Amino acid sequence: MTARGPSEALPSPRAHLAATLRLVDTLATQAGGWSAWPGGQIVREVLDRPLHLPASVRPDMNGLKYDSYITQGPSGPAWGVTFNDRWQGRAIWPVLDALARDLPGDYDVDRVQRLRRAVPGTSVNVALGFDTPGRPPRLKVYLQEADWRQGVLTVGAFAGLSPDLRGGCVLPGVLAPERALGVLTVVLRPDGSSGLKAYVGGQSARAVAEVLRGGCPEVDALAAGMAAACPSSPAWHYLTIRLEEGQEPRYALNRIWEHVRVGFGGPTALEEAWSEVGALFEVAGRGASFDALRSLRSELGALRLVPTAAAYEAGGTSADVYLAAWPA
């Protein structure tokens, strides 16, 4: 366990954005360049708006607004970038509407808006997922708890939503109706189809696996692998339940790092987090991909790259890492 202690002050929001743009430009270059990804330049232009951010904020108002992710799994590599409503509030919705309008695809943002009205008081996170060169990105909108353990609605309340809002999706019947869901995510694909993801939070990988009451050996195995690879604490975990109408759920285990403590609490905490990411990639059989992450960190040595989350899924054959960037 890494001890808590004083941390450095985070760089300004605009410095965070500048570092993020350097990171995503590098990821795009490694993946064939922005031109290989329809809509990629539109996403970059939406991000590159420093004047929409405060020049400085009080330390207690500072935090994570952007991160990127890298996935390695059976379907090959994928990557993406995310931003949340910090310092924007409701102004994030016109940005989301513009993305849906300008990206080369058919994204049903109206469905997200309807769900948002049924699940008020949530924080909003937007992710663009670049999965296949030559195809527009997936647009993912996370309606998430502002603080861990707060929840956005219960399993029972989710079941009470109209089939239209749920997209015909049904949670596993083994989940207790009073169980809180920490995040609801609408996944919008460029062909107009969509899916949902529901997240159940807890203090450990095994704790969130237990919500299925031993009914899914795959999830138990994912929890064991995550716990073995990433044993440090404190940390928050989510069981991700991927839902599609008429299909069986698919599962992932997610671990969340405290980005301030890990990234700005001293080099020991940061290197420990990266070591855990490496161990998770090894458990998933993706050790060579972690070597590429080491090279990325070396290439971007002027940046402080901080793991913010990781996922373990696809029956233990896929791993991903979310990483945020600030000036070193």
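Bear in mind that the values here come from a model prediction, so they are computed numbers and not experimental data.

Caption draft 1: Spatial organisation of the pattern of salt bridges. If you walk through the whole model with that rule in mind, you get 13 salt bridges. Across the pair Glu8 and Arg304 runs a salt bridge, and its minimum N-O distance is 3.2 Å. Of the two residues, Glu8 is situated in the segment before α1 (13-30) and Arg304 in strand β11 (residues 303-313); the sequence distance between them amounts to 296 residues. According to the relative accessible area criterion, Glu8 is partly exposed, its value standing at 42%. Residue Arg138 pairs with Asp131 through a salt bridge whose shortest N-O separation is 2.5 Å.

Caption draft 2: The environment of Ala252, seen in detail. When you line up the elements, Ala252 lands in strand β10 (residues 250-256). By relative accessible area, Ala252 is classed as buried at 1%. Considered as a pair, Ala252 and Ala311 are 59 residues apart in the sequence and their alpha carbons are 6.4 Å apart. Apart from residues no more than four positions distant in its own chain, Ala252 is found in contact with Leu222, Tyr238, Leu239, Thr240, Arg242, Tyr312 and Glu313.

Caption draft 3: Here's a closer look at empty space enclosed by the protein. Per the counting criterion, the structure on display carries 2 cavities of 30 Å³ or more. Of the pockets and cavities examined, the largest cavity occupies roughly 120 Å³. Along the walls of the largest cavity sit Val46, Leu47, Arg49, His52, Leu53, Lys65, Tyr66, Phe83, Gln88 and Val95, which together make up its complete lining.

Caption draft 4: Up close: the sheet that holds strand β4 (residues 138-144). An order of β1-β2-β3-β4-β7-β8-β9-β10-β11-β12 is seen for the 10 strands of this closed barrel, with the pairing classed as antiparallel. Strand-to-strand twist across the sheet, computed as the mean angle between neighbouring axes with direction ignored, equals 25°. As judged from the 7 bridges shared by strand β9 (residues 236-243) and β10, these two strands associate in the antiparallel manner. Directly across from Leu239, in β10, lies its bridge partner Leu253. Each of β1 (66-73), β2 (76-84) and β3 (123-130) is contacted by helix α2 (residues 40-47), which is oriented at about 30° to β2, the strand it contacts most. Of the strands in this sheet, β1, β11 and β12 (318-327) touch helix α11 (residues 287-299), which is tilted by about 150° from β1.

Caption draft 5: Looking closely at the nonpolar core. Grouped together as the largest cluster of nonpolar side chains are 97 residues, with contacts concentrated most on Phe83 and Leu128. Among the elements that make up this core, the one with the highest residue count is α1 (7 residues). Grouped together as the second largest cluster of nonpolar side chains are 10 residues, Tyr142, Tyr199, Tyr238 and Tyr322 included.

Cut-offs applied
- Residues numbered from 1 in each chain as written.
- Predicted model: local features only at pLDDT ≥ 70, side-chain atom pairs only at ≥ 80, totals over all residues.
- Heavy atoms only, no water.
- Salt bridge = Lys/Arg side-chain N within 4 Å of Asp/Glu carboxyl O.
- Helix = DSSP H or I, 4+ residues; strand = E, 2+ residues; numbered from the N terminus.
- Buried < 20%, exposed > 50% of the residue type's maximum accessible area, 1.4 Å probe, protein only.
- Contact = heavy atoms within 4.5 Å.
- 1 Å grid on protein atoms, 1.4 Å probe; cavity = no way out; pocket = protein on both sides within 12 Å on 5 of 7 lines; lining within 4 Å.
- Points joined across faces, edges and corners; volume = space filled by probe spheres on them.
- Pairing = 2+ DSSP bridges.
- Axes fitted to C-alpha atoms, helices over the stretch in contact; angles between N-to-C directions.
- Core = buried A, V, L, I, M, F, W, Y, C linked by side-chain atoms within 4.5 Å.

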